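Report on the structure
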Amino acid sequence: MTLPEVQNTISEKKICILIPTYNNERTLARVIDGVLEYTSNIIVVNDGSTDSTAQILNGYPQITVITLQENKGKGNGLRTGFRKAKESGFHYAITIDSDGQHYPDDIPVFTEALIKEKEDVLLIGNRNMSQDGIPKKSSFGNRFSNFWFWFETGIKLEDTQSGYRLYPLLKIPKKYFTPKFEFEIEVIVRSAWRHIPVKNVPVKVLYDPAERVSHFRPFKDFTRISILNTILVTITLFYIIPRNFINNFRKKSFKKFIKEDVLESDGSNRTKAFSVALGVFIGLSPFWGFQTLLVISLSVLFKLNKVLAFVASNISLPPFIPFIIAISLFIGASFVHGESNVFNQELNFDLVKNNLLQYVIGSMILASTASAISGAAVYLFLNKVNPE
């Protein structure tokens, strides 16, 4: 896109550039100057900086500056900027970090991608983390984040941690729960849950240790991110996947739903074998009360055959439960000091309660073994009956 075309798109689409900053005096002016080549629709959130950031910003009367007296984290700065952007009538915000790693001349990448989309989209700059000069810890953290984003949304991206993004302000959630670096994970996961497309666009990146100041605290922030992902995974398994399953049932004809979302008759023998293995594992595991929900949720997540997995999970039907408990306690006795002579005792709740660790260990070993054997048997049988 030419410069006039980019400027017209920014104006017509009501796009602003949002720059959260905290003690980046060495690079801030360069970033702002680069953005000003495309637009003066700039909102800078000074997140309690204690260096010369305030003096630098005084030299740019044409932009909007929000000054926070206390540093409260990048997430809080972005949320503050989003509110101001919407109040100012903007529909989109392109966020760019002030530490100099992002190139303002990549703004046309976002505007061009936006006008090609038929619906609102959340775009994340793909920094190509495999290139030379990228710190190994950043590359690992990005792969870690990519995996969990895929697990929580089903969307595969190459870069989920880049702060260079375009947000559809009118579609993303209005309320958030995280104030620091983990906010950038929360917002894309919850936006994807709202069926907003989340996509990567290619951008350049500069890691200059002489200039760049990172405020990421490896232990504290990684712990916060891990806690957030634990919560998001739990919500995914117990709410999002069942919700999507029910919504698909409502939207499709009964015949189409059965074929596409239940039977999945075009699944491979390997898929069907894994489905049975999953069902047996969940059925024999100590997840009483949640087995049906878990087996359907995991089947949807990993695109397995839901009917086969559900049928296999019924290995724990009420008539079989006493035998499953007894075998689990017997196996667990070999690993934990507990009651081993279980077959000569009355099987009841007190017996399980008094030997809970023994039961849990035994049931997990039983579930894993039976799952592997049943999966392999089903695969061999299907390959013999219907070779792929």
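Structure's up top.
Residues numbered from 1 in each chain as written. Predicted model: local features only at pLDDT ≥ 70, side-chain atom pairs only at ≥ 80, totals over all residues. Heavy atoms only, no water.

Regarding the overall build of the chain
Broken down by element type, the chain carries 15 helices and seven strands. Counting across all 388 residues of the chain, residues that qualify as buried make up 46%. Taking the intrachain contacts of the chain between residues at least 6 apart in sequence as the baseline, contacts between residues at least 24 apart amount to 73%. Of the roughly 20,100 Å² that the chain leaves accessible, carbon and sulfur atoms contribute 60%. (Helix = DSSP H or I, 4+ residues; strand = E, 2+ residues; numbered from the N terminus. Buried < 20%, exposed > 50% of the residue type's maximum accessible area, 1.4 Å probe, protein only. Contact = heavy atoms within 4.5 Å. Areas by Shrake-Rupley, 256 points an atom, 1.4 Å probe, with all protein chains shown as cover.)

Some thoughts on the nonpolar core
Phe-82, Leu-122, Leu-169 and Ile-172 are the most contacted members of the largest nonpolar core, which totals 32 residues. Residue assignment for this core shows that the elements contributing at least two residues are strand 1 (15–21), strand 2 (42–47), strand 3 (64–68), helix 4 (74–87), strand 5 (122–126), helix 7 (183–193) and helix 8 (218–251). Looking at this core element by element, the count peaks at seven residues for helix 7. Residues in contact with Ile-172, not counting those within four places in the same chain, are Phe-82, Leu-122, Tyr-167, Ser-191, Arg-194 and Ile-196. If you look at the next biggest cluster of nonpolar residues, it comprises 29 residues, including Ile-10, Ile-19, Ile-94 and Val-121. (Core = buried A, V, L, I, M, F, W, Y, C linked by side-chain atoms within 4.5 Å.)

Points about the packing of aromatic side chains
Here the structure, examined in full by the defined rule, presents 12 aromatic pairs. On the numbers, 6.4 Å between centres and 70° between planes, the contact of Phe-144 with Trp-148 is edge-to-face. With Phe-144 and Trp-148 both in helix 6 (residues 136–153), this residue pair falls four residues apart, about one helical turn. Given the relative accessible area of 24%, Trp-148 is considered partly exposed. Seen from their ring centres, Tyr-176 and Phe-183 are 4.8 Å apart, and the 70° between their planes marks the pair as edge-to-face. Both residues of the pair, Tyr-176 and Phe-183, belong to the buried class. When the ring centre of Tyr-103 is taken as origin, the NZ or CZ atom of Lys-204, which lies over that ring, is 5.2 Å away. (Phe/Tyr/Trp six-rings, centres within 6.5 Å; stacked < 30°, edge-to-face > 60°. Lys NZ or Arg CZ within 6 Å of the ring centre and 35° of its normal.)

Observations concerning the side chain of Thr-236
Position of Thr-236 among the secondary structure elements: in helix 8. For Thr-236, a relative accessible area of 1% translates into the label buried. Not counting residues up to four positions away in its chain, the partners in contact with Thr-236 are Phe-151, Glu-152, Trp-193, Ile-241 and Pro-242.

Here's the deal with the pattern of salt bridges
Applying the stated criterion across every chain, the model contains 10 salt bridges. One salt bridge in this structure joins Asp-106 and Lys-204, with 3.0 Å as the shortest N-O distance. Of this pair, Asp-106 sits in the loop between strand 4 (92–95) and helix 5 (107–116) while Lys-204 sits in the loop between strand 7 (198–202) and helix 8; the two residues are 98 residues apart in sequence, bridging distant segments of the chain. Its relative accessible area of 37% is what places Lys-204 among the partly exposed residues. Note that Asp-159 is salt-bridged to Arg-127, the shortest N-O span being 2.7 Å. You can see Asp-159 sitting in the loop between helix 6 and strand 6 (165–168) and its partner Arg-127 sitting in the loop between strand 5 and helix 6, a full 32 residues away along the chain. (Salt bridge = Lys/Arg side-chain N within 4 Å of Asp/Glu carboxyl O.)

Re the sheet that holds strand 6
If you trace the seven strands from one edge of the open sheet to the other, you get 3-2-1-4-6-5-7, paired in mixed fashion. The strands lining the two open edges of the sheet, one partner per strand, are strand 3 and strand 7. Each adjacent strand pair in this sheet contributes to an overall mean axis angle of 20°, direction not counted. Strand direction decides the pairing type here: strand 4 and strand 6, joined by four bridges, are antiparallel. Paired with Tyr-92 across the strands is Pro-168, a residue of strand 6. (Pairing = 2+ DSSP bridges. Axes fitted to C-alpha atoms, helices over the stretch in contact; angles between N-to-C directions.)

What to know about the pairing of strand 1
Most of strand 1 is tucked away: seven of the seven residues are buried. Of the two faces of strand 1, the one holding Ile-15, Ile-17, Ile-19 and Thr-21 and the one holding Cys-16, Leu-18 and Pro-20 are both buried throughout. Crossover handedness for the path strand 1 to helix 2 (residues 28–36) to strand 2: right-handed. (Right-handed = clockwise from strand over helix to strand, strands pointing away.)

Here we look at unusual backbone geometry
With phi around 55°, Lys-14 is a residue other than glycine that occupies positive phi space. Structurally, the position occupied by Lys-14 is in the loop between helix 1 (3–12) and strand 1. Of the residues examined, Lys-14 reaches a relative accessible area of 39% and is grouped as partly exposed. One non-glycine residue, Asn-23, lies in the positive phi region at around 55°. The exposure class assigned to Asn-23 is buried, which follows from its relative accessible area of 18%.

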